[in-house]
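# Examining the three-dimensional arrangement
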Amino acid sequence: MDRRHFVKNSALAICSVATISPTYLVARRSAEQMPPWLLEMIARNDTSIESLRKYQVKDTDSPDLGGLRDGFDILNPHSTSALVQCGSAGLFSPSSKYYKSTDLLASVNLAVLYLIKTQHSDGTIDLLSTNFHSTPDTGFLVKRLAMAYMLMEKSGTPGADKVLANLKTFLLKCGEALSVGGIHTPNHRWVVSAALTRLNELWPNPKYVSRIEQWLGERIDMDADGQYNEKSTFIYSSLTDRLLITIAKGMKKPELLDNVRKNLNMTMYYVHPNGEVVTDASGRQDKAVIGTLENYYYPYRYLAIKDKNPQYAAMCRMIEKTAGPKTGAFIDYFLTDPSLWVELPAEKPYPVSYVKTFANSGLVRIRRDNRDSTLIANNPVFFTFMKGNAVLQGLRFASSFFGKGQFQSEKIVQNGDTWELTQKLDGPYFQPYPKESLPNDGDWEKMPRANRPQSEVQLLETKVRIKETTDGMEVEVTTSGTERVPAALELIFRPGGELKGVVKIENTKDSWLLKDQIGTYRFNDDTISFGPGTALHKNIALRGALPQMDAPTVFLTGFTPFKHVIRFS
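Calculation notes
Residues numbered from 1 in each chain as written. Predicted model: local features only at pLDDT ≥ 70, side-chain atom pairs only at ≥ 80, totals over all residues. Heavy atoms only, no water. Helix = DSSP H or I, 4+ residues; strand = E, 2+ residues; numbered from the N terminus. Buried < 20%, exposed > 50% of the residue type's maximum accessible area, 1.4 Å probe, protein only. Contact = heavy atoms within 4.5 Å. Disulfide = S-S within 2.5 Å. Phe/Tyr/Trp six-rings, centres within 6.5 Å; stacked < 30°, edge-to-face > 60°. Lys NZ or Arg CZ within 6 Å of the ring centre and 35° of its normal. Pairing = 2+ DSSP bridges. Axes fitted to C-alpha atoms, helices over the stretch in contact; angles between N-to-C directions. Lys, Arg positive; Asp, Glu negative; His and termini not counted. Salt bridge = Lys/Arg side-chain N within 4 Å of Asp/Glu carboxyl O. 1 Å grid on protein atoms, 1.4 Å probe; cavity = no way out; pocket = protein on both sides within 12 Å on 5 of 7 lines; lining within 4 Å. Points joined across faces, edges and corners; volume = space filled by probe spheres on them. Nonpolar A, V, L, I, M, F, W, Y, C, P; charged D, E, K, R; others polar.

## Details of the overall build of the protein
Each helix and strand in the protein was counted, giving 13 helices and 22 strands. Taken along its principal axes, the extent of the C-alpha atoms in the protein is 80 × 70 × 45 Å. The proportion of buried residues among the 569 residues of the protein is 59%. Partitioning the contacts of the protein with sequence separation of at least 6, the portion at a separation of at least 24 is 70%.

So this is what it looks like as structure tokens:
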């Protein structure tokens, strides 16, 4: 199980608080001076604290005292640290019902002691779903818990000194690991560096700085489009933005903010009409997931105010409208930096009508106000179409050509007003193995196909041409080569809507055929029209095709040579 699903199923999901910078901590202001949106965050954080405390082990005779269980009933440091993070924000906030609460402080202290108990001798902790003695996952905790330390220290809660001493013990031991430990992924370098930046702000140490500089020496992994290596638009791109802001401020390296700006500029073109973010090109676990842009709120707000950027301000307003409550995951940023409490600058609309190619991601984005399309290379889903909240979440094509006919194109080529995606397949047969190379024991594995002469080689070329129309998009699928190969075009809609003009395929959960008419998919007040169709057979489980998704799916079927044009509006 990956980190995202582990956290989602743990108590940590209740409170995913981000990190803060002690450099920018100022004297705590009164609740009356805080803006209403921040007071709302504090109120939601109170609810999170209440929920988290239910997961904590309170039996004083238990060796697990103070730890928190996740949704799988597993005690772990991530769920436990969530109580420290959220609890510290509550202790610090004058409008919180937990403000200076000694009862909550006692629960937080038990959590800290559990963290110390489960910490390895090398200073690391485990991510029990996958990583053990993990420096990166230690960094994920430290960049949050260093924030918790500062909030708790500034809270003035009676008895906090004892808890702070325990937390300092844990954090300094983490610092030993972060100063020498290795990583797995590109973003881990910046996680470790941001965590060390936080520690260095609290307790300056030359070895922290040296390790940060060593990682930064590899340069930021940003391409010409403004995207990071992992292309993870829902999770790790926004995470990297926040990490680089942390490092830029704490290490006095403002040049790092240029990478954040480039990514935020690119992300403005990755917004669906309903405020969701395009995730189809991600190289990580958020590929094709449904997600909004709450994770970008802090970077957009920070630079909207710092740069007086009107489009970033507009992005903030859009995120507030479409994902407002979720921005509370980053309450610590806003509690500790009153400069972010000011009004956003005057807005200038972010782009909502454009054609934009992101060559490094193999992606083309076409948006016209309330509808948009995404064209995707290196992906079985090569096209999506959204109209308001009505979503065609994928278009796929497959044939039963030698069990390998799932269409996927390595690149997207633009020819005038048309984009082309191409796949070429061959299906050979194999002649007897060369006599002079025959093994003595008849072992098939010693006679690899690569050494056999080929014959009766079958060929199949598939071309997909996509172009914009006055009210939508047009997709043409054409094959050439071997004939009479069964094929199917698959329209995958988001669950929750209503299909009309299609025929249910018997003995299936949610599979439909579109014959020669026009079909519609309606979701609330938004409707996608699609067609015309074709239905020459009912084989929707072609050999070599990917399994059907768990979603309402409309099939157009035929045989090669296949040629069909379908329009979406």
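## As for the state of the cysteines
Within the structure shown, the criterion is met by zero disulfides. Cysteine Cys-174 remains unbridged, with the sulfur of Cys-86 as its closest cysteine sulfur at 18 Å.

## Things to note about the packing of aromatic side chains
For the coordinates displayed, the defined rule picks out 20 aromatic pairs. Residues Phe-493 and Tyr-521 carry aromatic rings whose centres are separated by 4.8 Å and whose planes lie at 25° to one another, so their mutual orientation is stacked. With Phe-493 in strand β15 (residues 486-493) and Tyr-521 in strand β19 (residues 519-523), this pair connects stretches of sequence that are 28 residues apart. There is no split in this pair, since Phe-493 and Tyr-521 are both buried. Aromatic ring contacts, followed pair by pair, group Trp-37, Tyr-297, Tyr-298, Tyr-302, Phe-330, Tyr-333 and Phe-334 into a single cluster. Directly above the aromatic system of Trp-512 lies the positively charged group of Lys-504, at a separation of 5.6 Å from the ring centroid.

## Remarks on the sheet that holds strand β14 (residues 473-481)
The eight strands lie next to each other as β11-β12-β13-β14-β22-β20-β19-β16, forming an open sheet whose pairing is antiparallel. At either margin of the open sheet sits one strand with a lone partner, and together these are β11 (413-415) and β16 (498-500). Each adjacent strand pair in this sheet contributes to an overall mean axis angle of 20°, direction not counted.

## A word on the pairing of strand β20 (residues 526-531)
Both β19 and β20 contribute to a ladder of five bridges, which runs antiparallel. Counterpart to Arg-522 in the pairing with β20 is Thr-527. As consecutive antiparallel partners, β19 and β20 are separated by two residues, and within that stretch Asn-524 has a phi angle of approximately 55°, a positive value. In this structure, β20 lies alongside strand β22 (residues 563-568), joined through two bridges in antiparallel fashion. Paired with Gly-531 across the two strands is Arg-567, which belongs to β22.

## Brief notes about unusual backbone geometry
The linkage connecting Gly-531 with the following residue, Pro-532, adopts the cis geometry, with an omega of 0°. Within the fold, Pro-532 resides in the loop between β20 and β21 (553-559). A cis amide bond links Thr-560 with the next residue in sequence, Pro-561, at an omega value of 0°. In the Ramachandran plot, Asp-73 falls in the positive-phi region, its phi being about 65° despite a non-glycine side chain. Tracing the sequence through the fold places Asp-73 in the loop between β1 (68-69) and β2 (75-76). Here the phi dihedral of Arg-219 falls at roughly 75°; this positive angle occurs in a residue that is not glycine.

## Points about the side chain of Asp-223
As for its position among the elements, Asp-223 is in the loop between α8 (206-216) and α9 (236-250). Comment: no salt bridge for buried Asp-223; closest opposite-charge side chain is Lys-231, at 4.5 Å.

## Overview of the layout of surface pockets
It is the rolling of a water-molecule-sized probe over the atoms that shows where space remains empty. In this model, the second largest pocket occupies a volume close to 440 Å³. Asp-280, Ala-288, Val-289, Ile-290 and Gln-393 are, among the 27 residues lining the second largest pocket, the residues nearest its centre. Mapped onto the lining of the second largest pocket, the elements with two or more residues apiece are β8 (383-387) and β9 (390-399). Broken down by element, the lining of the second largest pocket gets its largest block of residues, four residues, from β9. A class-by-class count of the residues in the lining of the second largest pocket yields 15 nonpolar, six polar and six charged.

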